[in-house]
Amino acid sequence: MRDVNKIVLRGVVSDAPRTRVFEDGRKLVSLNVKTVTLEDEAEGKVRERQAWHTVAVSGDRNVETAERLVPDSPVYVEGRLRTRKYRNQEGEDMTFTEVRADIVRETENAGPEQPQINRSIVLGNVGRTPELRSTQYGPVMNFSVATTESWSRRDGERGEETEWHRIVVWGTPAERLEGQIEKGQRVLVEGRLRSSSYTDRNGRKRRSVETDARAVLGSGNSRRSGYEPASRAPAGGSKSDTGFGGAQQQPDAWGSSGVNTGDDGDDVPF
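Residues numbered from 1 in each chain as written. Predicted model: local features only at pLDDT ≥ 70, side-chain atom pairs only at ≥ 80, totals over all residues. Heavy atoms only, no water.

(A) Fine view of the overall build of the protein. Along the protein, the regular secondary structure elements total two helices and 13 strands. Out of the 270 residues in the protein, the part that is buried amounts to 46%. In the protein, the proportion of contacts linking residues at least 24 apart, taken out of those at least 6 apart, comes to 61%. Here the protein displays about 14,500 Å² of accessible surface, and carbon together with sulfur accounts for 44% of that area. (Helix = DSSP H or I, 4+ residues; strand = E, 2+ residues; numbered from the N terminus. Buried < 20%, exposed > 50% of the residue type's maximum accessible area, 1.4 Å probe, protein only. Contact = heavy atoms within 4.5 Å. Areas by Shrake-Rupley, 256 points an atom, 1.4 Å probe, with all protein chains shown as cover.)

Here it is in structure tokens:
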């Protein structure tokens, strides 16, 4: 079975598109896409969950669509998560993760009948056996999953590209998964894409892109496999209407105040 690296977004453009033109005439458009999804909380309350996504757009048709967009334009994106390396002004090697768009379409304004979407689907192999940790927001489990994709060029050259996905599981689901996931195991993860900022050991600002898991399904090569609802949740959290088996709500704190998944630096698997 092929690996899966799939991102689906339906939201609005938060900034004006930025176009880069290469020497051969090809264009690359950068979009910032904002998604707002709803989560049920205790006592029947509903909370909006916001997320921002960097999207790289190539290909004539997609570029033409992306360049027409303006701030607040509703947009639909399908693509893959990709991490690229670059060197900053200080000569340090850095990494940057974005969504490489395969499909970009301008849509009608989202409403109750057309809710916004933020979905990440990953099927691949676990990089290292994860450990459960305790935080002020409750139990958390971090691990990485590798997906590999084959590619070919017009000149006949072929190769493979591996992407490492950072996965975070919170609350009771994280506790259930303890001891059930191990290095090399094949897992299917479904969740939402999140980004956060943190300061590394050297005092540098970094950005981390993660899949906040709503469900994790492991293959049968662990001591026990099965469907595990997974979501970040504080103790006593209420059931969330996610459609993924009763995952719990997430704590209010997120972003720079959340768990620092960069503790192990930028080298993955971590």
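That shown, we press on.
(B) Representation of the side chain of Arg192 in the model. Its location among the elements puts Arg192 in strand 11 (residues 186–199). At 3.3 Å, the side chain of Arg192 and the side chain of Thr37 are in polar contact. Contacts of Arg192, omitting those with residues within four sequence positions, involve Thr37, Leu38, Glu39, Arg49, Asn118, Ser120, Glu210, Thr211, Asp212 and Arg214. (Polar contact = N/O pair within 3.5 Å; in protein donor to acceptor, adjacent residues only side chain to side chain.)

(C) Main features of the nonpolar core. Counting residues in hydrophobic clusters, the biggest one holds 19 residues, and the most contacted among them are Leu31, Val55, Val57, Val75, Val77 and Val99. If we ignore the near neighbours within four places in the chain, the residues touching Val77 are Ile7, Val8, Leu9, Val55, Val99, Ala101 and Ile103. Core analysis: the next-biggest nonpolar cluster, separate from the first, contains 14 residues, Val122, Val126, Val169 and Val187 among them. (Core = buried A, V, L, I, M, F, W, Y, C linked by side-chain atoms within 4.5 Å.)

(D) Looking closely at helix 1 (residues 60–68). Taken as a whole, helix 1 has its buried residues at Asn62, Val63, Thr65 and Ala66. Along the axis of helix 1, the buried residues cluster in a sector spanning 165°; they form a single face. Seen from the buried face of helix 1, the exposed residues on the opposite side, beyond 90 degrees, are Asp60, Arg61 and Glu64. (Arc of directions from axis to C-beta.)

(E) How the structure looks around unusual backbone geometry. Within the chain, Asp72 stands out as a residue other than glycine whose phi angle is a positive 80°. If you trace the backbone, Asp72 turns up in the loop between helix 1 and strand 5 (74–87). A relative accessible area of 60% places Asp72 in the exposed class.

(F) Up close: the environment of Arg119. Looking at the secondary structure, you find Arg119 in strand 7 (residues 117–126). Look at Arg119 and you get partly exposed, because its relative accessible area is 35%. Taking the C-alpha atoms as reference points, Arg119 and Asp212, 93 residues apart in sequence, are found 9.7 Å from one another.

(G) Region of interest: the confidence of the model for the protein. Taken over all residues, the pLDDT of the protein has a mean of 79, while the share at 70 or more is 78%. Here residues 221–270 is a poorly scored stretch, pLDDT under 50, and it has 151 contacts once near neighbours within four places are set aside; other chains count. (pLDDT = per-residue confidence, 0-100.)

(H) Molecular detail of the pairing of strand 8 (residues 132–135). Pairing geometry for strand 8 and strand 9 (residues 138–152), over four bridges, is antiparallel. Residue pairing for strand 9: Thr135 is matched across the bridge by Gly138. Here strand 8 folds back onto strand 9 in antiparallel fashion, the turn holding two residues. (Pairing = 2+ DSSP bridges.)

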